[in-house]
2 protein chains.
Amino acid sequence: MRAALAQGDGVHGATSPNPPVGCAVLDADGQLVGLGGTQVAGGPHAEVVALAAAGEKARGGTAVVTLEPCSHHGRTPPCTEALVAAGVARVVYAVADPNPQAAGGASRLAGAGVEVRGGLLAEEAERGALRAWLHWQRTGRPHVTWKYAATLDGRVAAADGTSRWISSPESRAEVHRLRTRIDAIVVGRGTVLADDPALTARDAEGRPLRRQPLRVVVGTGELPSGAKVLDGSAPTAHLRTRDPRAVLADLAGRGVVDVLLEGGPTLAGAFACAGLIDRVLAYIAPSLLGEGAVALGASGVSTITGAHRMVVEQVTMSGPDVRVSAVAVRD
Amino acid sequence: MRAALAQGDGVHGATSPNPPVGCAVLDADGQLVGLGGTQVAGGPHAEVVALAAAGEKARGGTAVVTLEPCSHHGRTPPCTEALVAAGVARVVYAVADPNPQAAGGASRLAGAGVEVRGGLLAEEAERGALRAWLHWQRTGRPHVTWKYAATLDGRVAAADGTSRWISSPESRAEVHRLRTRIDAIVVGRGTVLADDPALTARDAEGRPLRRQPLRVVVGTGELPSGAKVLDGSAPTAHLRTRDPRAVLADLAGRGVVDVLLEGGPTLAGAFACAGLIDRVLAYIAPSLLGEGAVALGASGVSTITGAHRMVVEQVTMSGPDVRVSAVAVRD
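Going along each chain's sequence as written, the residues are numbered from 1 onward. Here every chain gets a letter starting at A, and every ligand a number starting at 1, in the order they are written. Side-chain atom pairs in this predicted model are given and counted only at pLDDT of 80 or more, local residue features only at pLDDT of at least 70, and totals for whole chains, interfaces and linings cover all residues. Calculation of side-chain values draws on the structure's entire complement of heavy atoms; hydrogens and water are dropped beforehand.

As for the relation of the copies chain B and chain A
For the pair chain B and chain A, the relating rotation is 180 degrees, the translation along its axis is 0.0 Å, and the fit reaches an RMSD of 0.0 Å. Considering both components of the superposition, the chain copies are consistent with a two-fold axis. Within chain B, the C-alpha atom positioned nearest to the axis of rotation is that of Gly154(B), 2.2 Å from it. The contact definition used throughout considers only heavy atoms, calling two residues in contact when any of these lie within 4.5 Å. In this assembly, 100% of the residues forming the interface of chain B have copies in chain A that are likewise at the interface, indicating an isologous arrangement. Residues below a pLDDT of 70 in either copy are left out; the C-alpha atoms of the rest, at least 70 in both, set the least-squares superposition of the copies.

Some words on the sheet that holds strand E1 (residues 22-26) of chain B
Residue and element names in this part refer to chain B. Pairing between two strands is assigned when DSSP locates at least 2 bridges connecting them. The numbering of helices and of strands both runs from the N terminus, where a helix is a DSSP run of H or I of at least 4 residues and a strand a run of E of at least 2. Overall, mixed pairing links the five strands, which are arranged E2-E1-E3-E4-E5 in an open sheet. With partners counted over all chains shown, the strands left at the sheet margins are strand E2 (32-37) and strand E5 (115-117), one partner each. The sheet shows a mean angle of 15 degrees between the axes of neighbouring strands, taken without regard to direction. Note: strand E4 (residues 90-95) against E5, three bridges, orientation parallel. Residue pairing in the sheet places Arg-90 in a bridge with Glu-115 of E5. Inter-axis angles, ranging from 0 to 180 degrees, are taken between N-to-C directions of lines fitted to C-alpha atoms, where helices are fitted over the stretch in contact.

Considerations on helix H7 (residues 169-179) of chain B
All names here are of chain B. All buried positions along H7 are accounted for by Ser-171, Val-175, His-176, Leu-178 and Arg-179. Projected down its long axis, H7 shows its buried positions confined to an angular sector of 160 degrees, all on one face. On its buried face, H7 sits against strand E6 (143-151), strand E7 (184-188), strand E10 (258-261), strand E11 (279-285), strand E13 (308-318) and strand E14 (321-328). Residue burial is assigned from relative accessible area. The probe radius is 1.4 Å, only protein chains are included, and a residue is buried under 20% of its type maximum, exposed over 50%, and partly exposed in between. The arc in question is formed by the directions pointing from the helix axis toward the C-beta atoms.

A word on the domain arrangement of chain A
All names here are of chain A. Along its sequence, chain A is carved into domain 1 (2-129) and domain 2 (141-328). Where each domain begins and ends is defined by an automated method or by a domain database. One C-alpha centre belongs to domain 1, the other to domain 2; they are set 33 Å apart. In this assembly, six residues from domain 1 lie in contact with nine residues from domain 2. Summed over both partners, buried area is the accessible surface (1.4 Å probe) that two parts give up on being assembled. Of the roughly 630 Å² buried at the junction of domain 1 and domain 2 (both faces included), carbon and sulfur atoms supply 44%. For this analysis, a salt bridge means a side-chain nitrogen from Lys or Arg found within 4 Å of a carboxyl oxygen belonging to Asp or Glu. Put simply, domain 1 and domain 2 have one salt bridge between them.

Notes on the interface of chain B and chain A
Between chain B and chain A, the residue contacts involve 44 residues of the former and 44 residues of the latter. In total, chain B and chain A occlude about 3,400 Å² of area from one another, counting both sides; carbon and sulfur atoms represent 68% of this. When the area that chain B buries against chain A is broken down by residue, the three leading residues are Leu152(B), Leu288(B) and Ile304(B), summing to 21%. Where chain B packs against chain A, one counts zero salt bridges. Polar contact is the term for a pair of N or O atoms within 3.5 Å; when the atoms are in protein, one must be able to donate a hydrogen and the other to accept it, and sequence-neighboring residues count only if both atoms are side-chain atoms. There are 22 residue pairs in polar contact (both at pLDDT 80 or more) connecting chain B and chain A. Among the elements of the structure, E6, E11, strand E12 (287-288), E13 and E14 of chain B are those that each provide at least two residues to the side of chain B that touches chain A. Take the side of chain B that touches chain A: its biggest share by element is seven residues, from E13(B). Class assignment for the residues of the side of chain B that touches chain A results in 28 nonpolar, 10 polar and six charged. With two bridges joining them, strand E13 (residues 308-318) of chain A and E12(B) adopt antiparallel strand pairing. Polarity classes work like this: nonpolar for Ala, Val, Leu, Ile, Met, Phe, Trp, Tyr, Cys and Pro, charged for Asp, Glu, Lys and Arg, and polar for all others, with Gly in that last group.

Below you can see the structure in the form of structure tokens.
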């Protein structure tokens, strides 16, 4: 399953609106004979890629998949058919498919005489590459990760507005790699006017990485014609609204499943107020400012008992910074 | 050494202005025969307590001490003499004594034919119970830990001023235990007026813990006569100044070595501005507010390159909260 999860990670960001699934095929003796990840939408699913790699060795073997194999005809034939046709004796998957159209794969396989087991490393799979897609299936909304870098005292800029750099080179590099795995990066028009960010995924030398997300600027006013987001180095959408629900509805229509919100305090506050921040990814730098903008602006909370509650999912170090991943608690 | 460190931890908070030292005595066969921690100022040092427990079994054995044994006559005779008189063959210590009056213990012991080794677990010892005392010896100033509890977005109160409770019961209980290990707890007069805190160390049922720190209120105005800090349940000092250097000088004169700063944003900002925050202990609760007071007020920093820099020393979970311990970087 870890090999399958790694395959899913490898295609994370390239498959939306399809899920970034990974698959490993073992032969009858338990030897690894095929690996695969789901290809870009319309292309083959992970199971088909891995079965093709395994060839005849799949017969009597085991397919290990991060998501319950689909049983419906979409743009590709059902994976359950491919698994049965390949003669696999056993299918092990992590997460059940919440898509009512595609679900039922497990029972279809069992009906064809395949031994099926679900739930292996399900929690790890839910938190990994499949997180945003599962959220989208369950809620109908793209998944929103709000990312920010602040000092220990919560500032995202100094009194004079300078903010380069609050976080470490390690943290910034990690965010650029993260940008290659999401579908769209969203900022407010205010951030474009203040910082003129390129919003591309780049390496330490400034060279573009392999995959670029859709750049999305939210706001009713015009953008400066020379803004870096309009430089054509990656696709850009300017959504003339301030309503987070309208933003997500528009993006869902573009096949966007996984959103990285990198906007300033005002836009982040609007998303929090609408209950649309699903995850917070905070890079906390070990420094103190005492003045300057704070990460989150007004979010509709007036008293302590009304705070937007979250649960810390993971705390790690990112170079000298503390990286906190927290997910929303919905009542 | 771990047993000696635990002895030092056990007396942490009870010894100032003496260091909270721990000692373990092993007999000639390496069996543990005595343990001890330094007693309240004027009382016996850790070595003397442990040697008394060991009795004749110390002869030919090893004394393991968290701090280099003292060689001067203070309120008690030098520990080096006690060690030689007890006939120990070997002394192992963690940290060298930075006190020029007391130092030289290692060479004094070696001169008396005792085998001496320093530096064992020195880093752990420096970060433990001895931290504040070592800082005081090296700088002449009490050590200041600024503790605060904030939301992920850096708020210490909601828009309406409510702040109970931002942090979890686990974090609050930990802070109460911490209060028993420091010498003085410092807040501004504004915090007394706003929150009327008792500033005592209490258990979950509100009962006072074994040891209470000096309660210190900083500010030029009067305190309300009914304020909880004036309830007589623990000693209280009202320092009629707003100058952090004057506060620390006054406290040093009272034998205070280890200060816990729990004041609001204004007082914390003044300490940061004066370069007098040695350590930050942040309890970061996984919630978002978007409005309300921020932990740190103006601290003399106008631009990002002037930020007060720190190094993260430890990150742990405290119940659902992220606990970050960071120490100041001094150029």
